[in-house]
Amino acid sequence: MSESTSATVPRGLPGWLGGLWAHRWFRFAVRRAGRLSLSLWILVTASFLMIHLIPGDPVRAALGPTAPADLVLARTRELGLLDPLWRQYADYLVHLFHGELGTSITSRLPVSETIAQRLPATAQLAVAAFVLSMLIAVPLGVVMAVLTRRGRRRRTELAFTGTNIVLGAIPDFLFGVGLVYLLAVQTHLFPVAGRDGLDSYVLPVLALAIGPAAVLSRIVRVEMLAVMEADYIRTARAKRLTPVRIHLLHALPNAVTATLTLGGLLLSSLVAGTVLVENVFAWPGLGSTIVSSITTKDYPLVQGTVLVYGVGVLLINTLVDVVLALLDPRSAIGDS
Amino acid sequence: MRAARVLLRPVGLVGFGLLVLVLLVAVFGPVLWDGRATVVDTGNLLAGPSAGHWIGTDNLGRDLFFRVLVATRLSIALALAATAISMVLGIVLGAAPLLVGRRAGRLVMGAVNVLVAFPGLLLVLFFAVIFGVGARGAALAVGLAGAPAFARLCHTLIAGISERDYIAAARIAGVSRLRILLRHALPNIAQPLIVNATMAAGGALLTFAGLSFLGLGVQAPSYDWGKLMQDGLNGIYVHPLAALGPGIAVILAGLAFNLTGEAFAAAFGIDVIPGVVRPRQVRNTPGKIRGSGATTASADAGTVLSVEDLRVTIPAARNPIRAVRGVTFAIRDGEAVGVVGESGSGKSMTALALAQLIEEPTRVEANHLVFGGEDLMAAGDPESRRKRLGTSLAVVFQDPMTSFNPVHRVGPQLAEVSRFHQGLSRRAAFARAVDRLRAVKVREPERRARQYPFEFSGGMRQRAMIGMGLMGTPRLIIADEPTTALDVTVQRQVLELLTEVRRDTGAALLLISHDVSVVTDVCDRVLVMYAGRIVEELPAQDLRTLARHPYTRALVAAVPDMETDLTKPLAVIPGLPIDPSRVPPGCAFAARCPLADDHCRAAEPRLQADAAGNRVACHKAGQALPTDTAEVTA
């Protein structure tokens with residue numbers, strides 16, 4: 001655990017920097033920040049190149065075959081597509097740096113404005129769904145682990161894992177359709193679509209959360225089963241604590257690392273999953289924006305939205321890594 | 001055949017059956033039902049379910065049920081095409097280090113690792129922008145988006161085999177890189193690749209349904225399941241089956257691929273939960289069962305623990321393992337009793353059973369098990385029993401490295417006992433923990449109490465573990481091989497500490513050890529166990545001289561002392577302990593005993609006490625051993 005032994009200080013570094021380098025957390029921060037900026041650069045470059053990879057004339061495609069030629073030329077010039085590529089790239093980066101994402105071809109509104117307007121609805125959905133799936137998965141996984149450990153209650157275990165596999169295989173937008181049918185069309189408990197009041201959140205959040213909750217609860221159960229066979233759990237039992245205390249205070253904290261790793265992955269896939277679910281529920285978020293902008297070939301808007309989604313995912317991944325490193329210092333050392 | 005075994009599992013059977021069905025419909029569906037799926041019934045536009053149209057009709061009056069069946073081919077074909085693209089591209093990228101050299105390969109894998117971090121759907125949308133809306137563009141998009149995950153898998157798999165001899169040999173022989181990949185690497189990673197491809201096809205199917213549902217995939221007049229769902233969603237108020245029908249088809253087909261993949265993965269031993277014993281027919285509810293002749297123990301005053309006919313049974317499918325087969329003894333207040341025996345003799349099981357730490361499905365039975373005047377085999381108030389055991393019975397385990405909870409600091413782990421059982425405040429309990437750590441000679445106890453277990457050495461952790469037992473006022477300390485995992489010098493210190501603790505607190509000690517010399521040093525009395533029974537009991541000081549059981553004598557002879565002739569090979573006990581699931585009818589030691597005769601092999605000797613109170617279970621107790629038995633050459 002000593003912090004200086006494993007680090008080989010790169011040659012040519014000044015003394016104080018070498019001292020910093022010897023520090024575990026500094027090395028972790030440098031490495032992680034390096035990876036984040038590399039990923040960001042790839043993301044930005046990819047979103048820039050996207051418009052150039054489209055076969056044919058993107059502006060003509062967007063405005064349709066009937067648009068007059070001078071309008072197409074004007075828009076092409078406006079988008080800077082007549083400049084040499086390196087110039088366009090430099091301009092793109094500079095604009096990005098100032099928070100400018102261009103102007104939508106169809107609505108003529110600044111892309112950043114549209115995104116700022118749409119992002120909160122999507123973020124609310126994703127965060128609520130993540131919290132809900134955690135709230136379902138952790139208690140369910142723990143209870144199932146306690147009930148079915150050491151081969152007890154085989155039938156409960158089979159029912160649980162079977163249901164889990166089935167639920168995990170159903171995509172979120174199908175849950176959405178099913179929920180709309182059951183809870184909105186059949187029983188009128190919740191609104192079918194739209195974002196209006198708290199009860200309009202129920203169905204989309206449920207649709208997003210069920211699948212991840214199923215997968216996650218399975219992981220929690222397996223982790224808990226492994227932890228509950230550990231020697232230190234026997235020690236806790238030798239202290240004659242109540243089973244609840246043993247499971248929650250002694251077993252659960254040892255089972256969260258894997259849960260959190262997977263939870264982070266789920267959160268970033270939730271961000272993407274909102275695209276489909278928003279379309280089921282006509283949710284006024286980024287997801288419906290990106291789909292409509294793809295069909296209308298509004299490329300500046302597509303670029304901007306892809307960028308926002310990508311940055312969101314990268315930030316979540318980094319956040320998960322940092323939390324993991326705080327919980328388990330060993331993961332900060334082994335990071336490469 | 002492993003593949004055949006897949007079909008024997010319910011998951012595999014269901015998955016594989018579904019898959020065959022889906023593929024059959026995909027192949028023959030359009031041939032059989034295309035006419036019925038395209039015929040326009042103007043009298044039945046957007047109709048609900050009826051005898052003629054099971055799940056209704058669309059806006060041109062076409063039958064939706066048959067449209068769902070016919071759409072199977074396009075949905076499956078697109079999913080398989082996309083999977084094929086992902087797989088080929090993934091293999092090429094993943095094999096990059098093999099194909100273009102290590103340095104360029106590392107660059108490729110760096111890019112792949114960045115891409116893998118993005119959710120698949122985001123990549124799909126990105127590529128969908130480039131390739132445009134439509135079935136072909138969507139297939140390319142889904143295919144490309146799936147490639148990074150495959151590339152990573154391939155890379156890991158190839159890295160696993162690329163150092164093998166046959167790859168190295170091919171390389172030295174000058175075989176071209178592409179040929180190495182195709183002829184030598186791929187066949188060896190085919191199994192996991194195919195399993196993953198099956199699951200990926202299920203994923204691609206769902207993604208495709210999503211894309212078409214968003215209007216980015218298949219365009220009219222073609223239709224796949226996603227397109228049908230999109231058309232049906234708008235009318236979900238009027239006839240929900242139009243949207244649900246194709247949805248169910250997507251789920252069934254997705255499950256067919258996923259379940260088949262999971263079943264194969266399980267058959268190839270990928271997804272197995274470790275450490276779970278699965279007994280077949282254990283329905284004897286909870287661990288404790290009173291023996292038949294249950295007479296309440298007349299616990300003598302001055303006896304801290306007494307047990308009669310203790311039995312521990314581990315259930316198994318065929319032969320249950322009888323780890324402890326009827327053990328009876330008592331420990332007086334302040335007395336130190338040692339239990340010795342080879343591994344597998346049931347001594348640790350005895351200790352855990354006495355400490356009430358054995359869980360289902362393992363069964364613990366006894367006529368009585370009295371600790372401090374209370375029969376633990378009888379029902380009692382769990383609350384007060386927890387308190388009693390928690391404060392007056394201390395347990396020290398074998399491996400101090402794993403017996404502390406790694407996520408909690410040491411001090412609070414000790415303090416928990418006082419907080420939980422004695423109602424002390426957090427501060428007072430912590431102060432007591434520090435005091436107890438000082439009592440077990442942990443230096444700088446205040447600082448140490450705030451550290452995590454991994455910052456303690458093994459010997460220090462074992463001290464802390466003893467300290468944990470001293471948080472209450474122990475009447476008995478059960479120590480299960482407390483020094484086995486420690487260095488020799490540290491062993492001595494821990495044993496001295498145990499002796500001191502006994503002197504200071506007056507607690508009794510039950511010391512389990514396979515080490516005869518440890519037990520003779522520390523204990524007053526010794527129980528010798530063999531095959532789940534006590535075979536001899538005598539004062540510790542007489543162990544070397546007055547032992548009468550051939551097993552005890554062999555055990556003592558196997559320990560070298562100052563008088564051992566070092567020019568001769570060290571004595572060992574010939575043969576192996578019996579298999580506890582197959583206990584022979586006579587004396588369990590007979591097969592290894594130099595004195596055994598037919599009587600020994602037929603009738604099991606009873607444990608009988610002599611005038612001095614020593615006990616032995618042997619038909620030949622005390623008879624002279626043949627002189628050469630101690631010397632067994634390897």
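Being a predicted model, the structure only gives us computed values, none of them experimental.

Q: If you had to explain the overall build of chain A to someone new, which residues and values would you point to?
A: When helices and strands are counted, chain A shows 14 helices and 0 strands. Counting the 336 residues in chain A, one finds 47% classified as buried. If you take every contact in chain A between residues at least 6 apart in sequence, the share linking residues at least 24 apart comes to 70%. Counting only carbon and sulfur atoms, one obtains 67% of the accessible surface of chain A, whose full area is about 15500 Å².

Q: Please give an account of the sheet that holds strand E13 (residues 608-609) of chain B that cites residues and values.
A: All names here are of chain B. Taken in spatial order, the 8 strands line up as E8-E9-E10-E4-E11-E12-E14-E13 in an open sheet, and their pairing is mixed. The open sheet has two free edges, formed respectively by strand E8 (393-396) and E13, since each of these has just one partner strand. The sheet contact formed by E8 and strand E9 (residues 476-480) spans 4 bridges and is parallel. Bridge assignment links Leu-393 to a residue of E9, and that residue is Leu-476. Along the sheet, helix H13 (residues 382-392) contacts E8 and E9; its crossing angle with E8, the most-contacted strand, is approximately 55°.

Q: Can you tell me about the state of the cysteines, naming the residues and giving the values?
A: Residues and elements named next belong to chain B. Inspection of the entire model under this criterion finds 0 disulfides over all chains. Cys-618 provides the cysteine sulfur closest to Cys-593, a residue in no disulfide bond, and the two sulfurs are 6.0 Å apart. What makes Cys-593 buried here is its relative accessible area of 16%. In this model Cys-600 remains outside any disulfide bridge; the closest cysteine sulfur is found in Cys-587, 6.1 Å from its own.

Q: Report on the packing of helix H6 (residues 111-148) of chain A against helix H7 (residues 154-169) of chain A, specifying residues and quantitative values.
A: Residues and elements named next belong to chain A. At a closest axis distance of 9 Å, the pairing of H6 and H7 adopts a crossing angle of 150°. Here H6 lies roughly antiparallel to H7, going by the angle between them. The interaxial crossing formed by H6 with H7 has left-handed handedness. Facing H6, whose interface residues are Leu-140, Met-144 and Thr-148, H7 presents Thr-156, Glu-157 and Phe-160. Split into classes, the residues belonging to the contact of H6 with H7 amount to 3 nonpolar, 2 polar and 1 charged.

Q: Let's hear about the interface of chain A and chain B: which residues, and what values?
A: The interface of chain A with chain B comprises 71 residues on the first partner and 69 residues on the second. The largest share of the area that chain A buries against chain B comes from A:Arg150, A:Lys239 and A:Arg240, three residues that together contribute 13% of it. Between chain A and chain B we count 4 salt bridges in total. Of the charged contacts in the structure, one is a salt bridge between B:Glu359 and A:Arg149, with a shortest N-O distance of 2.7 Å. Across the contact surface, chain A and chain B share 16 residue pairs in polar contact (both at pLDDT 80 or more).

Q: Could you give me a rundown of the UniProt feature "domain: ABC transporter" (unreviewed entry) in chain B, with the residues and numbers involved?
A: The residues that UniProt annotates with the feature "domain: ABC transporter" (unreviewed entry) are residues 305-556 of chain B. Helix makes up 39% of residues 305-556 of chain B and strand 26%, with an end-to-end C-alpha separation of 27 Å.

Q: Hey, could you go over the pattern of salt bridges for me, with residue numbers and the actual values?
A: Once their charged atoms are close, side chains differing in charge can pair, the charge on each being opposite to the other. All names here are of chain B. As enumerated under the stated definition, the model contains 33 salt bridges over all chains in all. Two residues, Arg-533 and Glu-604, come together in a salt bridge whose shortest N-O distance is 2.8 Å. Of this pair, Arg-533 sits in strand E12 (residues 533-539) while Glu-604 is found in the loop between helix H22 (598-602) and E13, placing the two residues 71 residues apart along the sequence. Residue classification places Arg-533 among the partly exposed residues on the basis of a relative accessible area of 25%.

Q: Any chance you could break down the packing of aromatic side chains for me, citing the residues and the numbers?
A: In the structure shown here, the tally under the stated rule is 12 aromatic pairs over all chains. Between the aromatic rings of A:Tyr201 and A:Trp283, the centroid separation amounts to 4.9 Å while the plane-to-plane angle is 85°, which identifies the pairing as edge-to-face. Here A:Trp283 lies in the loop between helix H11 (243-280) and helix H12 (286-295) and A:Tyr201 lies in helix H9 (residues 199-228), a separation of 82 residues in the sequence. Assigned by exposure class, A:Tyr201 and A:Trp283 land together as buried. Ring geometry for B:Phe126 and B:Phe127: centres 5.6 Å apart, planes at 80°, overall edge-to-face. The same class applies to B:Phe126 and to B:Phe127, which are both buried. In this structure an aromatic cluster arises from ring pairing among A:Phe48, A:Tyr89 and A:Tyr92. The aromatic ring of B:Tyr223 is capped on one face by B:Arg67, whose charged end is 4.0 Å from the ring centroid. Here the guanidinium or amino end of B:Arg448 rests over the ring plane of B:Phe456, the centre of that ring lying 5.3 Å away.

Q: Tell me about the environment of A:Leu119, residues and numbers included.
A: Residues and elements named next belong to chain A. Within the element layout of this structure, Leu-119 appears in helix H6. On a C-alpha basis, the gap between Leu-119 and Thr-305 in space is 9.3 Å, while along the polypeptide they are 186 residues apart. In contact with Leu-119, other than residues within four places in its own chain, are Leu-286 and Val-308.

Q: Quick one: what's the story with the nonpolar core, residue by residue and with numbers?
A: Of all hydrophobic cores here, the largest spans 124 residues; its most connected members are A:Phe173, A:Val177, A:Val180, A:Val275, A:Ile290, B:Phe118 and B:Trp225. Those residues in contact with A:Val180 that sit more than four places away from it in its chain are A:Val185, A:Val192, A:Leu203, A:Val280, A:Phe281 and B:Ile236. Within the second largest apolar cluster, 65 residues are counted, among which are B:Val516, B:Val522, B:Tyr530 and B:Ala588.

Q: I'd like a description of a positive patch on the surface, backed by residues and values.
A: Residues and elements named next belong to chain B. Together, Arg-102, Arg-103, Arg-106, Arg-171 and Arg-177 line one region of the surface with positive charge. Residue contributions to the positive patch peak at 3 residues, all from helix H5 (residues 102-116). Along the polypeptide, Arg-106 turns up in helix H5. The exposed category is assigned to Arg-106, whose relative accessible area is 63%.

Q: How would you explain the domain arrangement of chain A if you had to name every residue and give the values?
A: Residues and elements named next belong to chain A. Along its sequence, chain A is organised into domain 1 (15-97) and domain 2 (111-332). Computed over C-alpha atoms only, the centres of domain 1 and domain 2 are separated by 31 Å. When domain 1 packs against domain 2, close to 1700 Å² is buried across both sides, 75% of that on carbon and sulfur atoms. It is Phe-28, Arg-32 and Leu-43 in domain 1 that bury the most area against domain 2; as a group they hold 27% of the surface buried on that side. Put simply, domain 1 and domain 2 have 1 salt bridge between them. Linking domain 1 with domain 2 are 2 residue pairs in polar contact (both at pLDDT 80 or more). Elements that contribute at least two residues to the side of domain 1 that touches domain 2 include exactly helix H2 (24-53), helix H3 (58-63) and helix H5 (85-97).

Q: So, the UniProt feature "transmembrane region" (unreviewed entry) in chain A: which residues are in play, and what are the values?
A: All names here are of chain A. Mapped onto the present numbering, the UniProt feature "transmembrane region" (unreviewed entry) falls on residues 33-54, 125-147, 159-181, 201-220 and 306-327. Annotated as residues 125-147, this span is 100% helix and 0% strand, and its ends, taken at the C-alpha atoms, are 33 Å apart. Helix makes up 91% of residues 159-181 and strand 0%, and the two end C-alpha atoms of the span are 25 Å apart.

Q: Report on empty space enclosed by the protein, specifying residues and quantitative values.
A: Taken as a whole and judged by the stated rule, the model has 7 cavities of 30 Å³ or more. Counted as a void, the largest cavity has a volume near 130 Å³. What lines the largest cavity is a set of 14 residues, and nearest its centre among them are A:Ala238, B:Leu393, B:Ala394, B:Met468 and B:Gly469. Split by residue class, the lining of the largest cavity holds 9 nonpolar, 4 polar and 1 charged.

Q: How would you sum up the domain arrangement of chain B? Please name residues and give values.
A: Domain boundaries in chain B define domain 1 (2-36 + 54-279) and domain 2 (303-407 + 452-632). Computed from C-alpha atoms alone, the centre-to-centre distance between domain 1 of chain B and domain 2 of chain B is 58 Å.

Q: Can you tell me about the confidence of the model for chain A, naming the residues and giving the values?
A: Residue and element names in this part refer to chain A. Of the residues in chain A, 90% have a pLDDT of 70 or more, and the chain-wide mean is 81. Mean pLDDT per element in chain A: helix H14 (residues 329-334) is the minimum at 53, and H6 is the maximum at 89. Confidence drops under a pLDDT of 50 for residues 1-7, and excluding neighbours within four residues, the segment shows 12 contacts in the predicted structure.

Analysis parameters
Residues numbered from 1 in each chain as written. Chains lettered and ligands numbered in written order. Predicted model: local features only at pLDDT ≥ 70, side-chain atom pairs only at ≥ 80, totals over all residues. Heavy atoms only, no water. Helix = DSSP H or I, 4+ residues; strand = E, 2+ residues; numbered from the N terminus. Buried < 20%, exposed > 50% of the residue type's maximum accessible area, 1.4 Å probe, protein only. Contact = heavy atoms within 4.5 Å. Areas by Shrake-Rupley, 256 points an atom, 1.4 Å probe, with all protein chains shown as cover. Pairing = 2+ DSSP bridges. Axes fitted to C-alpha atoms, helices over the stretch in contact; angles between N-to-C directions. Disulfide = S-S within 2.5 Å. Parallel < 35°, antiparallel > 145°, perpendicular 65-115°, else oblique. Left-handed = near helix turned anticlockwise from the far one by under 90°. Nonpolar A, V, L, I, M, F, W, Y, C, P; charged D, E, K, R; others polar. Buried area = accessible area lost by both parts, 1.4 Å probe. Salt bridge = Lys/Arg side-chain N within 4 Å of Asp/Glu carboxyl O. Polar contact = N/O pair within 3.5 Å; in protein donor to acceptor, adjacent residues only side chain to side chain. UniProt positions renumbered as here; feature names shortened; annotations may be inferred. Phe/Tyr/Trp six-rings, centres within 6.5 Å; stacked < 30°, edge-to-face > 60°. Lys NZ or Arg CZ within 6 Å of the ring centre and 35° of its normal. Core = buried A, V, L, I, M, F, W, Y, C linked by side-chain atoms within 4.5 Å. Patch = residues over 30% accessible without salt bridge, like charges linked within 9 Å, V, L, I, M, F, W, Y side chains within 5 Å. Lys, Arg positive; Asp, Glu negative; His and termini not counted. Charge placed at Lys NZ, Arg CZ, Asp CG, Glu CD. Domains from an automatic or database assignment. 1 Å grid on protein atoms, 1.4 Å probe; cavity = no way out; pocket = protein on both sides within 12 Å on 5 of 7 lines; lining within 4 Å. Points joined across faces, edges and corners; volume = space filled by probe spheres on them. pLDDT = per-residue confidence, 0-100.

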